[in-house]
Amino acid sequence: MTENKPSRKEQILQALAHMLEAEPGGRITTAGLAREVGVSEAALYRHFPSKAKMFEGLIDFIEEAIFSRINRITGEGHALMQVEQILTLILGFTERNPGITRLLTGDALTGENERLHRRIEQFYDRVESQIKQVVRDAEFKEDKRTRATPTVTANLLMAVVEGRIAQFVRSGFRIRPGQDWPEQWGLLAPTVFRD
């Protein structure tokens, strides 16, 4: 059985993700990306009309990967387990995709189109809304009450995750997002719901 070869568009996105990882803090140019893929700049622009569209392709990948899994997570188990799995999913995804993680911190988007920054902001807002919904639903489905409001609770949990992600990028990918996460979750979990 033969393996499906990635399309040229997928090859470009993979090369972009690789460059984001290999050149932390470096600016990605279309000339450098074309060299990495082994095509001309004109060939890049046949698949993506702009560099911003290339970044949007990676953001689409992030959203599809994360939200398709969140939808599965929220379909089973109790609320605290769902929250833990959502947070662990994001940390694991960023750990497996260091270059793409630079998009999530905005590090790779310096000087890029403001629309890209808004997409990342919307991504985090959407994850936070999912967490807020899970803890809010627990009030009705499990008769649980959050220690703070669902909004404050979801925001605190996302702040911790975003901090871990930022630390990963800032450390040059040395301090993994999942490092010590089980112990940290053990400290955070009791703060979500009242006893």
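Conventions we followed
Residues numbered from 1 in each chain as written. Predicted model: local features only at pLDDT ≥ 70, side-chain atom pairs only at ≥ 80, totals over all residues. Heavy atoms only, no water. UniProt positions renumbered as here; feature names shortened; annotations may be inferred. Helix = DSSP H or I, 4+ residues; strand = E, 2+ residues; numbered from the N terminus. Buried < 20%, exposed > 50% of the residue type's maximum accessible area, 1.4 Å probe, protein only. Contact = heavy atoms within 4.5 Å. Expected span 1.5 Å × (residues − 1). Arc of directions from axis to C-beta. Polar contact = N/O pair within 3.5 Å; in protein donor to acceptor, adjacent residues only side chain to side chain. Core = buried A, V, L, I, M, F, W, Y, C linked by side-chain atoms within 4.5 Å. Salt bridge = Lys/Arg side-chain N within 4 Å of Asp/Glu carboxyl O. Axes fitted to C-alpha atoms, helices over the stretch in contact; angles between N-to-C directions. Parallel < 35°, antiparallel > 145°, perpendicular 65-115°, else oblique. Nonpolar A, V, L, I, M, F, W, Y, C, P; charged D, E, K, R; others polar.

### A look at the UniProt feature "domain: HTH tetR-type" (unreviewed entry) in the protein
Under the UniProt annotation, "domain: HTH tetR-type" (unreviewed entry) lies at residues 6-66. Across residues 6-66, the secondary structure splits into 75% helix and 0% strand, with the terminal C-alpha atoms separated by 21 Å.

### Looking at helix 6 (residues 98-105)
The buried fraction of helix 6 is high, at seven of eight residues. Among the residues making up helix 6, those that are buried are Pro 98, Gly 99, Ile 100, Thr 101, Arg 102, Leu 103 and Leu 104. If you follow the buried residues of helix 6, they end up packed against helix 1 (8-22), helix 4 (51-73), helix 5 (79-96), helix 7 (114-141) and helix 8 (150-170). At the exit of helix 6 stands Gly 106, carrying a positive phi of roughly 85 degrees.

### Let's talk about helix 8
Under the 1.5 Å per step criterion, the end-to-end length of helix 8 is 30 Å for 21 residues, consistent within 8% with the ideal 30 Å. Listing the buried residues of helix 8 in full gives Pro 150, Thr 153, Ala 154, Leu 157, Met 158, Val 161, Arg 164, Ile 165, Phe 168 and Val 169. In an axial view of helix 8, the angular spread of the buried residues amounts to 150 degrees, which keeps them on one side of the axis. On the buried face of helix 8, the contacting elements are helix 5, helix 6, helix 7 and helix 9 (181-188). Looking at the residues trailing helix 8, positive phi occurs at Gly 172, about 70 degrees.

### Comments concerning the environment of Glu 10
As for its position among the elements, Glu 10 is in helix 1. In terms of polar contacts, Glu 10 uses its side chain to reach the backbone amide nitrogen of Ser 7, at 2.8 Å.

### Let's talk about the UniProt feature "DNA-binding region" (unreviewed entry) in the protein
The UniProt feature table records "DNA-binding region" (unreviewed entry) at residues 29-48. With 75% helix and 0% strand, the stretch residues 29-48 has end C-alpha atoms that lie 14 Å from each other.

### Quick word on the side chain of Gln 82
Summarising the element assignment, Gln 82 is placed in helix 5. A relative accessible area of 9% means that Gln 82 is categorised as buried. In this structure Gln 82 touches Ile 73, Thr 74, Glu 76, Gly 77 and Val 134, once residues within four positions along its chain are discounted.

### Observations regarding the nonpolar core
Formed by 59 residues in total, the largest nonpolar core has its most connected members in Leu 33, Ile 66, Leu 87, Leu 103, Val 127, Ile 131 and Trp 185. With eleven residues, the single largest contributor to this core is helix 4. Not counting residues within four places of it along the chain, the set of residues in contact with Ile 66 comprises Leu 89, Ile 90, Phe 93, Phe 123 and Val 127.

### Looking at the pattern of salt bridges
Going through the model one piece at a time under the given rule, you end up with eight salt bridges. Linking Asp 137 and Lys 141 is a salt bridge whose minimum nitrogen-to-oxygen distance equals 4.0 Å. In this pair, Asp 137 and Lys 141 both sit in helix 7, four residues apart, roughly one turn of the helix. Asp 137 gets classed as partly exposed once you look at its relative accessible area, which sits at 24%. On the basis of relative accessibility, which here comes to 67%, the residue Lys 141 falls in the exposed class. The salt bridge involving Arg 145 is made with Asp 143; its shortest N-O contact spans 3.6 Å. Among the charged side chains, a salt-bridge network with shared partners connects Lys 53, Glu 56 and Arg 115.

### What to know about the packing of helix 5 against helix 6
Each pair of packed helices gets described by two things: the angle between the helix axes and the distance between those axes. Following both chains from N to C, one finds helix 5 and helix 6 inclined at 120 degrees, their axes separated by 6 Å at the closest point. In this view, helix 5 runs oblique relative to helix 6, as classed from their interaxial angle. Taking contact as the criterion, the partners of Phe 93, Thr 94, Glu 95 and Arg 96 in helix 5 are, on helix 6, Pro 98, Ile 100, Thr 101 and Leu 104. Classifying every residue of the contact of helix 5 with helix 6 by side-chain character gives four nonpolar, two polar and two charged.

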